[in-house]
Every structure is written in C-alpha cells, then in structure tokens.
Amino acid sequence: MDTETEVIVAGAGPVGLMVAAELRLAGVDTVVLERAPEPSPHPKALGLHARTLEQLAMRGLIDPFLADGIRVPSWHFGFLPERLDLTRLDTAYPFLLAFPQNRTEALLQERALELGARIVRGEEVTGLTRTADGVRVETAVRAWQAGWVVGADGAGSTVRKAAGIGFPGTDGDTWAYLGDVRADAPPPAGYGVQNDKGALIVAPLPGGLLRFTGFDAERQDPAGRELTLDELRETTARISGQEFGLRDPVWLSRFTNATRVAADYRRGRVLLAGDAAHMHFPAGGVGLNLGLQDAMNLGWKLAAVVRGHAGEDLLDSYQTERRPWAEDVAEHTLAQTALITATTPAGQALRRLLSDLIRTQPELSLALARRLTALDVHYPAPGKHPLVGTRVAGVALLDGRPAVLGSTVVRPDGYVLEAGAVRGQSTS
Ligand SMILES: Cc1cc2nc3c(=O)[nH]c(=O)nc-3n(C[C@H](O)[C@H](O)[C@H](O)COP(=O)(O)OP(=O)(O)OC[C@H]3O[C@@H](n4cnc5c(N)ncnc54)[C@H](O)[C@@H]3O)c2cc1C
C-alpha cells in the first residue's frame, strides 16, 4: 500500500469522516486511519441541531437525515422543566433532529468513500514526527508520510498529545449514568424528571430500545465501577418513583463533566478537530454538532492551503474562529451541569426561577435556543463590512467552493467571506 498522502486524518469518528469528505471535495489525497476494526454499534449522540442540518443541506446531504430522523420541536436546557421552543428559530430546520450518531457516521463514511477517501481500519496512530515537508505518522503496523495531519481521534487524542498541545480545563466532578435498554413499562414520550434525588431523561432509540440517562445524587463515587442493570433499575426507580421494567441492556456506561479546550487547534502541520479539540458534559446534545462544524470550517481552508490557493495563515483563522465557540459550549454545558445536579432546596429554587423566566420571557428562550443550535455562531471581522463572518443559510455550496450571491461572497462553510461591491469577482 502507498503510505504517502497529502493529508492523514486520525480517527474515523463523525468529525474525521466529515473532514475527509470535505478534503476530497477539493481533490486532496486523504487517508483516514482508525484504531477500531469496526464502527461502534453504540450511538453516543442522538441529535443534530439546526446549524449542522443547514451545513449538511449546503452539501446536498440532508435528505437521508430528514427521511429517517424524528423532528423534535422543543429542547431542554439543563433539564429545566420548561423547554426551549425551537419552532421560532430563523432556519429551515426549526427542530432538533433525533438521529443516532452511528447512523450519522455510516452516512458520512459512505460520503467520504464515494468522494475517494481511503479509510484504513484497525490501524492505531501511535506517534508523530515532524519532517522537512510534513509529518511522519507512526502506527502500530507501519509509518506514513503526510503533508498534514488532522487529529480527529477523540477526547483522549494521541495526535494532540504527540504534538505537545495542552488540554487545559477542569476535571470531572459529576458522574452521569447511561443505559440503552428495553423497558416493559416505558414512560410516555419526552419523559424527564429532575428533583432532590437526581435527574432522569428517557429518549427513544431505533429498534424499540430506550436510553435512560441522568444524574444520581446518591452515587457520585463510582470511579472504576461499571454500571450494572440492577443499579440502573434502582437509580431510575428511586429518582422517578416508578418501576420501568428495565431489561436486555445493550450499553451501560458512565460519563463525567470533565471540560477542556485544546490550547491550540494548530501546531505547525498538525490540526485538531472535534472531541480531540474539546470535551464537555453532553448536556443539550451539542458536542457532535460542534465537531462537525469544526470540520466544515477546517476542510475548505486546509484544502486551499494544500492546493496552493492560500497561504498557511488561512489555517490560523481556523483556531481564531472555532476555539471561542468551543469555549462558549464549555461554559454553557458547565452551567447546565449545575442545573442538572441542583438537588438542594436552593438549587431547586434556582431551577424554578429560571424555568419561569424561560416560560415568560420568549426572548430568553430564543437566545438559549440559538446558542444550543449554533445559529448564533459568527466570526467577527473587525474593520470589515458588518456582514463579513455572519451566517448564510439556504445556499447550495455543493462543490465546496465559495459562491457569489449578488454583492456577497459566501464561504464554503456558509459564512460571508466578502460583502459589498464584489460583483463579477472570481470565486476560484
Ligand atoms: C453519552 C454521550 C451522549 C452524547 N450525546 C450527544 C448529543 O446528543 N449530541 C451531540 O452533538 N453530541 C453528543 N455527544 C458528544 C458526541 O458523541 C461527540 O462529541 C462526538 O462523538 C465527537 O466526534 P469525534 O469524531 O470528534 O470523536 P469520536 O466520536 O470520539 O471519534 C474518534 C475516533 O477516533 C478513533 N481513535 C482514537 N484514537 C485513535 C488513534 N490513536 N488512532 C486512530 N484512531 C483513533 C476512535 O476509535 C474513534 O472512532 C455525546 C457524548 C456522550 C459520551
């Protein structure tokens, strides 16, 4: 096998696959190296938010997602009882699309392969060395030579560590439980509860499975102890006051609220994207969305640099633009963790107060909804036309190149590149 390529992407998770597809749109020779021999059967994320859906639509990819996904018109912030109304959002997709992550990965893999990416499974990246014209990537079986490396290898990223990039933030101090199971006495659709004992939310999965997930205030020392079906039964019954008849677990797991953002998104010819660049509590269901939007921001820029259409400084804008939004997500997911774990009388009062504000102040509800769905993401460009860096939706950018719309040039990821008096300008 040829072990030289223009770009190596470490990790065939959703973000690595999206980066690979974007690079291939521009004809960049791309190899994805994935540690796992097979894709994971367990969906971590269950939802796609509006901005992600807009970006999938720009590439002509939205139809299979809409065909199989379930449209959820309201969503929660910190498990507050009053949900955020998504139907008022200024988008063609005013809902959360319930769509399991493993199916997102399957569709993105199909897309990356169709466009000509090489995906090598069962090959773990173990180290990196800088070379005169790129990076040597060591794996458990051989060495590869690439011009550039994208670390999309998840929160424990080997690429990030090998490049010497720090991952500052806060350690987890909250454990959450997760069980994908069957239930003989399932709760009604949209069920959720938060009280002085903890929190539980139940979400449907394909094939009649249900996800029971939440926070158990009584069991906050489980480091190293695996979740069992008996514990899940006991926890969910105690918090909800109901027996659900849980059985046949497919996946039992725990996760924490460790929250970190990489100090740098780029170190020379090494770039980070997705969970390799940021980790946080999965409150509000935003992590996968954040990563896919990284991929859209990075793909066209890296392709332009590899193709010689732009200087390397274009890649510095990847960090300048994307890192602040990861910090924003880190901030609001920590705030949501505080609300989910607010079991004291004072915490319960805070939840009632905020919930009442969301119910009575539609603008607050809308602002939080825009934040969760990333519709408020923009990339400030001081000194330039005020439209530069703002979001554009509803434009087909199928070939991953900028598009001229009247006097505006739209970037391949759907943000204004130039505005005012650009009529007739070349977009190549
Ligand atoms: C319980 C839970 C629920 C969640 N719910 C949501 C949700 O509803 N909505 C949402 O948006 N997000 C959610 N998230 C977050 C979301 O799952 C992640 O943000 C997403 O998986 C990130 O994708 P990624 O491609 O960056 O990383 P990953 O999905 O972690 O993929 C990384 C890939 O790299 C591979 N890899 C790792 N190391 C190496 C190596 N050294 N060499 C080669 N390959 C390697 C791994 O095998 C893996 O395939 C949830 C997360 C959890 C844990």
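Residues numbered from 1 in each chain as written. Predicted model: local features only at pLDDT ≥ 70, side-chain atom pairs only at ≥ 80, totals over all residues. Heavy atoms only, no water.

A. Looking closely at the side chain of R411. When you line up the elements, R411 lands in the loop between strand 23 (408-410) and strand 24 (416-419). Leaving out residues up to four positions away in the same chain, R411 has contacts with N297, W300, K301, E321, Y379, L397, V416 and L417. (Helix = DSSP H or I, 4+ residues; strand = E, 2+ residues; numbered from the N terminus. Contact = heavy atoms within 4.5 Å.)

B. Seen up close, the packing of aromatic side chains. Summed over all chains, the structure comprises seven aromatic pairs. Measuring from centroid to centroid gives 5.5 Å for Y265 and Y318, while their planes differ by 55 degrees, and the two rings are tilted. Of this pair, Y265 sits in the loop between strand 18 (259-261) and strand 19 (266-267) while Y318 sits in helix 8 (residues 313-340), placing them 53 residues apart in sequence. A relative accessible area of 0% places Y318 in the buried class. Judged by centre distance (4.7 Å) and plane angle (55 degrees), the ring pair of Y379 and Y415 falls under tilted. Remark: Y415 occurs in the loop between strand 23 and strand 24 and Y379 occurs in the loop between helix 10 (362-373) and strand 22 (403-405); sequence separation between them is 36 residues. Between the NZ or CZ atom of R103 and the centre of the ring of F99, over which it lies, the distance is 5.5 Å. The ring of F167 has R160 sitting right over it, with the charged end atom 3.6 Å from the ring centre. (Phe/Tyr/Trp six-rings, centres within 6.5 Å; stacked < 30°, edge-to-face > 60°. Buried < 20%, exposed > 50% of the residue type's maximum accessible area, 1.4 Å probe, protein only. Lys NZ or Arg CZ within 6 Å of the ring centre and 35° of its normal.)

C. Inspection of the domain arrangement of the chain at higher detail. For the chain, the assigned domains are domain 1 (4-46 + 100-169 + 259-333), domain 2 (175-256) and domain 3 (379-428). One C-alpha centre belongs to domain 2, the other to domain 3, and the line joining them spans 46 Å. (Domains from an automatic or database assignment.)

D. Looking closely at the nonpolar core. Grouped together as the largest cluster of nonpolar side chains are 88 residues, with contacts concentrated most on V7, V137 and L302. The contact partners of L302, leaving out residues within four places of it in the chain, are V7, L23, W148, V150, L271 and L315. (Core = buried A, V, L, I, M, F, W, Y, C linked by side-chain atoms within 4.5 Å.)

E. Quick peek at the sheet that holds strand 16 (residues 210-216). Ordered in space as 14-15-16-13-17, the five strands form an open sheet in which the pairing is antiparallel. A strand with exactly one partner marks an edge of an open sheet, and here the two such strands are strand 14 (192-195) and strand 17 (246-256). With direction set aside, neighbouring strand axes in the sheet form an average angle of 15 degrees. With four bridges connecting them, strand 14 and strand 15 (residues 198-204) associate as antiparallel partners. (Pairing = 2+ DSSP bridges. Axes fitted to C-alpha atoms, helices over the stretch in contact; angles between N-to-C directions.)

F. Examining the site of the ligand more closely. For the ligand, the set of nearby residues contains 29 residues, the closest of which are E34, Q101, D275, L288 and N289. G285 is positioned with one of its backbone polar atoms (N or O) 3.1 Å from a nitrogen atom of the ligand. G287 places a polar main-chain atom, nitrogen or oxygen, 3.2 Å from an oxygen atom of the ligand. Contact with the protein chains covers 87% of the free accessible surface of the ligand, which is 1,000 Å². Of all elements in the fold, only helix 1 (14-25), strand 2 (30-34) and helix 7 (287-306) reach the threshold of two or more residues within the shell around the ligand. (Near = heavy atom within 4 Å. Polar contact = N/O pair within 3.5 Å; in protein donor to acceptor, adjacent residues only side chain to side chain. Areas by Shrake-Rupley, 256 points an atom, 1.4 Å probe, with all protein chains shown as cover.)

G. Geometry of empty space enclosed by the protein. Enumeration over the complete set of coordinates arrives at two cavities of 30 Å³ or more. In this model, the largest cavity occupies a volume close to 100 Å³. If you go around the largest cavity, you meet 14 residues; those closest to its centre are L290, Q293, V329, R371 and A374. The set of elements that each furnish at least two residues to the lining of the largest cavity consists of helix 7, helix 8 and helix 10. Its residues placed into classes, the lining of the largest cavity shows seven nonpolar, four polar and three charged. Within this model, the second largest cavity holds a volume of roughly 70 Å³. Lining the second largest cavity are W175, A176, Y177, D216, R219, Q220, P222, L227, E231, L232, T235 and R254. Going through the elements one at a time, strand 13 (175-183) and helix 6 (229-240) are the ones with two or more residues in the lining of the second largest cavity. (1 Å grid on protein atoms, 1.4 Å probe; cavity = no way out; pocket = protein on both sides within 12 Å on 5 of 7 lines; lining within 4 Å. Points joined across faces, edges and corners; volume = space filled by probe spheres on them. Nonpolar A, V, L, I, M, F, W, Y, C, P; charged D, E, K, R; others polar.)

H. Local environment of helix 10. With twelve residues, helix 10 ought to run about 16 Å at 1.5 Å a step, and its terminal C-alpha atoms sit 16 Å apart, in line with that. Along helix 10, the positions that sit buried rather than exposed are S365, L366, L368, A369, L372 and T373. Taken end-on, helix 10 shows its buried residues confined to a sector of 165 degrees, consistent with a single buried face. The secondary structure elements touched by the buried residues of helix 10 are helix 2 (50-58), strand 5 (74-75), strand 6 (84-85), helix 8 and helix 9 (345-360). (Expected span 1.5 Å × (residues − 1). Arc of directions from axis to C-beta.)

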